[in-house]
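Observations on the model geometry
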Amino acid sequence: VQLVESGGGLVQAGGSLRLSCTGSGRSFSSYVMGWFRQAPGKEREFVANINWKADAMYYADSVKGRFTISRDNTKNTVYLQMQNLEPEDTAVYFCVADLWAMGVGPNEYDYWGQGTQVTVSS
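In this text, all values refer to a predicted model and were calculated from it rather than measured experimentally. Every chain is numbered independently, its residues counted from 1 as its sequence is written. It should be noted that, the model being predicted, local features are given only for residues of pLDDT at least 70 and side-chain atom pairs only at 80 or more, the latter also being counted only at that level, while totals for whole chains, interfaces and linings use all residues. By convention in this description, side-chain values take in all heavy atoms of the structure and omit both hydrogens and water.

Below, the discussion takes up the environment of Glu86. Only runs of H or I of at least four residues qualify as helices and only runs of E of at least two qualify as strands under DSSP, and these elements are numbered from the N terminus. Within the secondary structure, Glu86 is located in the loop between strand E8 (77–82) and strand E9 (91–98). Sequence-wise, Glu86 and Asp61 are 25 residues apart; in three dimensions their C-alpha atoms are separated by 14 Å. We call two residues in contact when some of their heavy atoms are within 4.5 Å. Those residues in contact with Glu86, other than ones at most four positions away along the chain, are Arg66 and Val120.

The next thing to look at is the side chain of Asp98. Structurally, Asp98 is set in strand E9. Counted as a polar contact is a pair of N or O atoms within 3.5 Å, where, for protein atoms, one must be capable of donating a hydrogen and the other of accepting one, and residues adjacent in sequence contribute only when both atoms are in side chains. One polar contact links the side chain of Asp98 to the main-chain amide nitrogen of Trp100, over a distance of 2.8 Å. At 3.0 Å, the side chain of Asp98 and the backbone nitrogen of Ala101 are in polar contact. Residue contacts for Asp98: discarding those within four places in its chain leaves Tyr31, Val32, Glu108, Tyr109 and Asp110.

Here it is as structure tokens:
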């Protein structure tokens, strides 16, 4: 599975962005999809994930209530709608995929996109 993210950019605090991640290859709908992020000087951290049926989603406490993950298997795409953004959300956001993982550890996910930069100004 190859993953390509888009939708990053510069936004003011309180604003919104929607990230997209499109996967190539067969059986996209079979994969757990998720998002991680990495800020300068910090480790990669879990943001959210969604199972293949889109009936189970998990969020990091830091984004709960502000971010929403969703997927459209007909388009091989997963989305991360980000609202009420804060400067602390500034990071490179990575799309991830795995057949089994539903955890928060980056090592659990086999496939990673190249990342897209999100910068939130105060």
